[in-house]
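Spelled out, the chains give:
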Amino acid sequence: MTHWQPPRVPFVFLRHGETDWNRDGRLQGRRDPPLNETGRRQARQARRALMRFDFSTVFHSPLDRAYETAQLAAGGRGLPLCSVNDLVECDFGELEGQAAQQLRPGWRAAWMAGQTLRGAETYAAFLTRAQRALEAVLRLSSDATAPPLIVAHGGVYWAVQRALDTGFEGDLPNALPVLHRPCGAGDWEVTALAS
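Sequence order as written defines the numbering, with residues in each chain counted from 1. At least 70 in pLDDT is required for a residue's local features to be given in this predicted model, at least 80 for side-chain atom pairs to be given and counted, and no such filter applies to totals for whole chains, interfaces and linings, which use all residues. Only hydrogens and water are removed before side-chain values are computed, so all heavy atoms of the structure are retained for them.

Okay, the sheet that holds strand S6 (residues 187-192) next. Pairing is mixed across the open sheet formed by 6 strands, whose spatial order is S3-S2-S4-S1-S5-S6. Both outer strands of the open sheet, strand S3 (81-83) and S6, are each paired with one neighbouring strand and no more. For this sheet the average axis-to-axis angle between neighbouring strands, irrespective of direction, equals 25°. Note: two strands are recorded as paired if DSSP finds a minimum of 2 bridges between them. A run of H or I in DSSP counts as a helix once it spans at least four residues, and a run of E counts as a strand once it spans at least two, with each numbered from the N terminus. In terms of strand pairing, strand S1 (residues 11-15) meets strand S5 (residues 177-183) through 4 bridges, oriented antiparallel. Its bridge partner being in S5, Val-12 is matched across the sheet by Leu-179. The contact definition used throughout considers only heavy atoms, calling two residues in contact when any of these lie within 4.5 Å. Under this scheme, a helix contributes an axis fitted over its contacting stretch, all axes are lines through C-alpha atoms, and angles between N-to-C directions fall in the 0 to 180 degree range. Of the strands in this sheet, S1, strand S2 (58-60), S3 and strand S4 (149-152) touch helix H3 (residues 64-74), which is tilted by about 165° from S2. With respect to the sheet, helix H5 (residues 123-140) is in contact with S1, S2 and S4, its orientation differing from that of S4 by roughly 160°.

Attention shifts here to H5. Given 3.6 residues to a turn, an α-helix orients residues that are three or four positions apart in the same direction. Between its terminal C-alpha atoms H5 stretches 26 Å, which fits the 26 Å expected from 18 residues at 1.5 Å a residue. Regarding H5, the residues found buried are Tyr-123, Phe-126, Leu-127, Arg-129, Ala-130, Gln-131, Ala-133, Leu-134, Glu-135, Val-137 and Leu-138. Elements that come into contact with the buried residues of H5 comprise S1, S2, helix H4 (107-112), S4 and helix H6 (154-163). A helix is expected to reach a length of 1.5 Å times the quantity of its residues less one. Exposure categories follow from relative accessible area, calculated using a 1.4 Å probe and restricted to protein chains: below 20% of the type maximum is buried, above 50% is exposed, and the middle band is partly exposed.

Of the residues making up H3, those classed as buried are Arg-65, Ala-66, Thr-69, Ala-70, Leu-72, Ala-73 and Ala-74. Check the buried side of H3 and you find it contacts S1, helix H2 (37-50), S2, S3 and S4. Directly after H3, the chain includes Gly-75, whose backbone phi takes a positive value near 20°.

All right, on to the pairing of S1 then. Along any regular strand, the residues point their side chains to alternate faces of the sheet. The element S1 is largely enclosed, with a buried count of 5 among its 5 residues. Judged by which residues are buried, S1 turns out to be covered on both faces: Phe-11, Phe-13 and Arg-15 on one side and Val-12 and Leu-14 on the other are all buried.

A cavity, in this analysis, means grid points on a 1 Å lattice covering only the protein atoms where a 1.4 Å probe fits yet has no way out; a pocket is instead an open set bounded by protein on both sides within 12 Å along at least five of seven lines, and a residue lines either one if it has an atom within 4 Å of a point. Grid points are joined across faces, edges and corners, and a volume is the space filled by probe spheres set on the points. Of the volumes computed, that of the largest pocket is approximately 340 Å³. Those elements that provide at least two residues to the lining of the largest pocket are helix H1 (20-24), H4 and H6. Per-element tally for the lining of the largest pocket: the top contributor is H6, with 3 residues. Within the lining of the largest pocket, the residues separate by chemical class into 7 nonpolar, 8 polar and 5 charged. Residues were grouped as follows: Ala, Val, Leu, Ile, Met, Phe, Trp, Tyr, Cys and Pro as nonpolar; Asp, Glu, Lys and Arg as charged; and all remaining residues, including Gly, as polar.

Definition of nonpolar core: a set of buried residues of the types Ala, Val, Leu, Ile, Met, Phe, Trp, Tyr and Cys, connected through side-chain atoms within 4.5 Å. By size, the foremost hydrophobic cluster in this structure holds 35 residues, and its most contacted members are Leu-87 and Trp-111. When residues of this core are traced back to their parent elements, those giving at least two are S1, H4, H5, S4 and H6. Per element, the largest residue contribution to this core is 8 residues, and it comes from H5. Core analysis: the next-biggest nonpolar cluster, separate from the first, contains 18 residues, Phe-55, Leu-149, Leu-179 and Leu-193 among them.

This is the structure:
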């Protein structure tokens, strides 16, 4: 798998707010449970952290949990909301809906190493798709006077983690906005934005 380098365009990535399935430790993938009240509160808290930024556009996954998070986080600023199909979460096939304790230990590492899951995208195909989406969004934003806000999923953020030294181990927390700014020769500054 080749190493992808994103276009040198600043952006903020926001994982969607919490759903009941997040709370219960169930694998969501393409399934689309709605935000719960905690997730809505998280998205409104993210809006406070994002108020100090101007954004050109809010790009979001087509799944409802990302769209509602985008609406709440952008909150009344009149920003264009643009759904991007390739920002959708990975299709985990028959594992979707299962709780963490039902999954065999090490399943994710094995999948990332190339093992196939029944009915699921391969890790390589998913990563290529997520990178393609991020590349397109950042190229569209390259001439904008303000960075884009990208609202998507923890899995989509794996593509960012793989390309940049984000400082985040494991999954990005729900509704934590993270600013990414190019600096130096090929380096990126990555900053979590507190509300």
